[in-house]
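Commentary on secondary and tertiary structure
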Amino acid sequence: MATIGTDIAFAKKLLLNDQVIGLPTETVYGLAGNALHEKSIAKIFSVKNRPSFDPLIAHVDTLDKVHSIVEKFPLPLQKLAAHFWPGPLTLLLPKKSHVPFLLTSGLKKVAVRIPNHPLALELLGSIDFPLAAPSANPFGYVSPTTAKHVNDQLGEKIPYILNGGNCEVGLESTIVGFEDGQVVIHRLGGISLEEIEKIIGPVKRDINESSNPKAPGMLKAHYSPTKKLLIGNIEDLMNAQKNNDYGIISFKQSFLSSNPEREFVLSASGDMHEAAANLFSALRKLDDLDIDLILTELVPENGLGLAINDRLKRAAVS
Ligand code: TXA
Ligand code: MG
C-alpha cells in the first residue's frame, strides 16, 4: 500500500525521480507525474491501465506556466480562465512543441488546468514542470474523492498519496475548447453550463458519446461501478425487485430507513453542490457492499445536475 501523508518535499522528490503519486484536487484525486517527461507519462498510463489514445490534463499553478506550454490562448477562453481559475475548468489549447505527444495522445492541443486545492497549488509552486494527472482510478471506474479511494485501488502501484481530505467539488473539471471561432464544451463537470454562458454567452455543446470521442471520459460506459445500476423512480424500482438485494442512492428523500447502511442520500436539503460532492463516495460505498443492484434516480437538470446525471447515466451503462 502507498504511504499517505502531507509531505510536499517528499512528493516533489518522487516527482523529480519520474515517480507518480496521488494528488488531491478540488474535483477528484489525480494520479500525477511530470507532464514533460515521457517516462512519467508512460507510468501514469500503465498504473491506470489507460489506453494511450486517451490524453491527460496538464496541471500548473500560474498563468505564466500555462503560457509556457501553449502557443495560443483564444480570448474567450482567457476570459473563462480569469473567472474560474484556479478551479474545476480544463481548457484545450494548442500545445508548444516541447509538450510530448504522449501526453496529448498525438493531438495538437493540450488540456490545461489550474486546480483549486492548497496542497496541489503548493506542490505545483515548488516545481518547474506541469503535472500530468488523470483521475486516480483504474480506467473506466468511478473517480476517487478521498486518499483512501486512491489507496484502495492503486495503492500497490504507487509510493505516495498526498492527503488533501475529501474533494470539495466531487465531479471532474468541465472541459472547454475553441473550434472555428466558437467555444465548445466537451465534458460537463464542476462548473455548470449556466456559469460559463453567464461569462461568455451561448456556447456549443459537443458532449461525445461515440466510440471515438474527443474526450474518452465521455465514453458512454465510464465512471462505472462493478454493480449493476438502475435509474428510475426509486419506489417503482424497489417494487420491481423480488429476489435482488439492492442499495439505494437517492437525491433528497430517504427510502430505506430500516437499512441505513444500504442507502445514500446525496443531499437531504437538495443542494446540488453537496450532492455532487457525495456522488462518487456513494457509488463506491454501495459498490463495496454485498448487494446485487444499485437503484438510483436522476436529479433536477439544472446547474451541476446536468453533470451529475451525466455521470449517473454513464455509470448505468454496463
Ligand atoms: O477534474 C479533473 O479534470 C481531474 C483532476 C485530477 O484534474 N482529472 C481528470 O482527468 O478527470 P481524466 O484524465 O480522468 O479526464 C480528462 C479528460 C479525458 O477524458 C481526456 O480524454 C480529456 O480530458 N482530454 C485530455 N486532453 C485532451 C485533448 N487534448 N483533447 C481532448 N480531450 C482531452
Ligand atoms: Mg477519469
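Refer to the structure printed above.
Quick caveat, the model's predicted, so the values are computed rather than measured. (Residues numbered from 1 in each chain as written. Chains lettered and ligands numbered in written order. Predicted model: local features only at pLDDT ≥ 70, side-chain atom pairs only at ≥ 80, totals over all residues. Heavy atoms only, no water.)

Moving on, we come to the sheet that holds strand E13 (residues 246–250). The strand order across the open sheet formed by four strands is E12-E15-E13-E14, and the pairing between neighbours is parallel. Pairing within the sheet leaves two strands with one partner each, and these edge strands are strand E12 (228–231) and strand E14 (263–265). On average, each strand axis in the sheet is inclined to that of its neighbour by 15°, with strand direction left out of account. Where E13 and E14 come together, three bridges link them in parallel fashion. (Pairing = 2+ DSSP bridges. Helix = DSSP H or I, 4+ residues; strand = E, 2+ residues; numbered from the N terminus. Axes fitted to C-alpha atoms, helices over the stretch in contact; angles between N-to-C directions.)

What follows is about the nonpolar core. One finds Val-66, Leu-80, Trp-85, Leu-91, Leu-103, Val-176 and Ile-308 to be the most contacted residues of the largest nonpolar core, which totals 74 residues. Among the elements that line this core, the one with the most residues is helix H10 (residues 272–287), at eight residues. Setting aside chain neighbours within four positions, we find Val-176 in contact with Leu-77, Leu-80, Leu-89, Thr-90, Leu-91, Leu-92, Val-183, Val-184, Ile-185, His-186 and Ile-196. Formed by 17 residues, the second largest nonpolar core is a distinct cluster that contains Ile-8, Leu-119, Ala-120 and Leu-131. (Core = buried A, V, L, I, M, F, W, Y, C linked by side-chain atoms within 4.5 Å. Buried < 20%, exposed > 50% of the residue type's maximum accessible area, 1.4 Å probe, protein only. Contact = heavy atoms within 4.5 Å.)

Every buried residue of helix H4 (residues 75–84) is listed here: Leu-77, Leu-80, Ala-81 and Phe-84. For H4, the angular spread of buried residues about the axis comes to 100°, placing them on one side. Exposed residues lying more than 90 degrees from the buried face of H4 are Leu-75 and Ala-82. Each element contacted by the buried residues of H4 is listed here: strand E5 (89–94), strand E9 (174–179), strand E10 (182–187) and helix H8 (193–200). (Arc of directions from axis to C-beta.)

Taken residue by residue, helix H6 (residues 118–125) has Leu-119, Ala-120, Leu-123 and Leu-124 as its buried positions. Relative to the axis of H6, the buried residues are bounded by an arc of 130° and lie together on one face.

Axis separation between helix H1 (residues 8–16) and H6 bottoms out at 10 Å; the angle between their running directions is 55°. By the angle class used here, H1 and H6 are oblique. Where H1 crosses over H6, the two elements pack in a sense that is right-handed. When H1 is examined against H6, the residues Ile-8, Ala-11, Lys-12 and Leu-15 are found in contact with a partner set consisting of Leu-119, Glu-122 and Leu-123. Split into classes, the residues belonging to the contact of H1 with H6 amount to five nonpolar, no polar and two charged. (Parallel < 35°, antiparallel > 145°, perpendicular 65-115°, else oblique. Left-handed = near helix turned anticlockwise from the far one by under 90°. Nonpolar A, V, L, I, M, F, W, Y, C, P; charged D, E, K, R; others polar.)

With that out of the way, let us pick up the pattern of salt bridges. Inspection of every chain in the model, using the stated rule, returns eight salt bridges. The partner of Arg-113 in a salt bridge is Glu-26, and the shortest N-O contact between them spans 2.8 Å. Pair noted here: Arg-113 is in strand E6 (residues 109–113) and Glu-26 is in the loop between strand E2 (21–23) and strand E3 (30–34), with a separation of 87 residues, a long-range link. Exposure class is identical for Arg-113 and Glu-26. Each is buried. (Salt bridge = Lys/Arg side-chain N within 4 Å of Asp/Glu carboxyl O.)

Mapped onto the secondary structure, Leu-121 falls in helix H6. Other than its neighbours up to four places away in sequence, Leu-121 contacts Asp-61, Ile-114, Pro-115 and Asn-116.

Let us now look at the packing of aromatic side chains. Per the counting criterion, the structure on display carries two aromatic pairs. A ring pair is formed by Phe-10 and Tyr-160, whose centres lie 5.0 Å apart and whose planes are at 85°; its orientation type is edge-to-face. On the criterion of sequence distance, the pair formed by Phe-10 in helix H1 and Tyr-160 in strand E8 (residues 160–162) is long-range, its members being 150 residues apart. Classification of Phe-10 by relative accessible area gives partly exposed; the value is 33%. Residue class for Tyr-160 comes out buried when judged on its relative accessible area of 3%. Cation over ring: Lys-95 sits above Phe-101, and NZ or CZ is 3.9 Å from the ring centre. (Phe/Tyr/Trp six-rings, centres within 6.5 Å; stacked < 30°, edge-to-face > 60°. Lys NZ or Arg CZ within 6 Å of the ring centre and 35° of its normal.)

Residues Leu-293 and Leu-295 point to one face of strand E15 (residues 293–296) and Ile-294 and Thr-296 to the other, with burial holding for every one of them. As paired elements, E12 and E15 share four bridges and run parallel to each other. Considered in E15, the bridge of Lys-228 is made with Leu-293. Relative to E15, E13 is paired through four bridges, and the arrangement is parallel. Residue pairing in the sheet places Gly-247 in a bridge with Ile-294 of E15.

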